[in-house]
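Summary of structural features
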Amino acid sequence: MNLNNIRPAAGSTFSSKRIGRGQGSGKGGTAGKGHNGQQARAGYSQKIGFEGGQMPLQRRLPKFGFKNVNRKEYRAINLDDIQILIENKSVTGDITKEILVQHGLASKNELVKIMGRGELKSSVSITADKFTKSAEELIAKAGGKAITL
């Protein structure tokens with residue numbers, strides 16, 4: 001077998017019916033478009049969601065929900081993630097937002113919120129945009145400081 005003699009499986013391909021090429025072709029005259037009507041005309045296109053004049057679904061269903069334009073999105077970082085950084089000796093001393101960005105826990109323009117999952121064993125001062133109550137308690141319990149920006 002070579003590339004020049006490869007053929008598709010028998011019956012898997014077939015030539016398409018040529019439309020609008022005379023009555024003898026079986027698709028002559030109206031070319032499979034029926035008689036008159038909007039879809040038989042040249043240049044036919046329909047708006048997305050158009051239901052032939054019936055009230056479309058997106059207008060029949062009620063609107064709901066609310067999008068607050070003033071919402072602030074925070075990147076959540078847990079205390080156990082910070083403890084892993086300390087254990088790996090990749091962080092020494094105070095933990096700031098810049099250090100969290102360097103280690104890939106947050107990006108430069110994100111607001112950072114420290115969450116209280118896990119346990120902190122070493123006393124470090126952590127600087128972030130926001131802290132949960134449980135995180136502040138665990139940091140204080142370990143002998144560190146929670147500094148809000």
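Notes on the structure follow. (Residues numbered from 1 in each chain as written. Predicted model: local features only at pLDDT ≥ 70, side-chain atom pairs only at ≥ 80, totals over all residues. Heavy atoms only, no water.)

1. With respect to the sheet that holds strand 4 (residues 130-131)
Put simply, the rule reads: Two strands pair if DSSP finds at least two bridges between them. Strands are runs of DSSP state E lasting at least 2 residues, helices are runs of H or I lasting at least 4, and numbering of each runs from the N terminus. Here, residues are in contact when the closest pair of their heavy atoms is within 4.5 Å. Helix axes are fitted only over the stretch in contact, all axes being lines through C-alpha atoms; the angle between N-to-C directions runs from 0 to 180 degrees.
With parallel pairing, the 3 strands of this open sheet are ordered in space as 1-2-4. With one partner strand each, in any of the chains shown, strand 1 (74-78) and strand 4 form the two edges of the open sheet. With 2 bridges connecting them, strand 2 (residues 111-115) and strand 4 associate as parallel partners. Among the inter-strand pairings, Lys113 is bridged to a residue of strand 4, identified as Lys130. In the packing of helix 2 (residues 79-87) onto the sheet, the strands contacted are strand 1 and strand 2, and the crossing angle to strand 1 comes to about 60°.

2. A look at unusual backbone geometry
Non-glycine residue Ala31 carries a positive phi angle of around 55°. Positionally, Ala31 belongs in the segment before helix 1 (57-60). We note that Asn36 has phi near 50°; this positive angle belongs to a residue other than glycine. As for its position among the elements, Asn36 is in the segment before helix 1.

3. Looking at helix 2
Short version of the rule: For every residue, the accessible area (1.4 Å probe, protein chains only) is compared with the maximum for its type, and the residue is labelled buried under 20%, exposed over 50%, or partly exposed between those bounds. What the arc describes is the spread of directions from the helix axis to the C-beta atoms.
Inspection of helix 2 places Leu79, Ile82, Gln83, Leu85 and Ile86 among the buried residues, and these make up the whole buried set. When helix 2 is viewed along its axis, its buried side chains cluster within an angular range of 155° and face the same direction. Where helix 2 terminates, the next one or two residues include Lys89, which has phi positive at roughly 60°.

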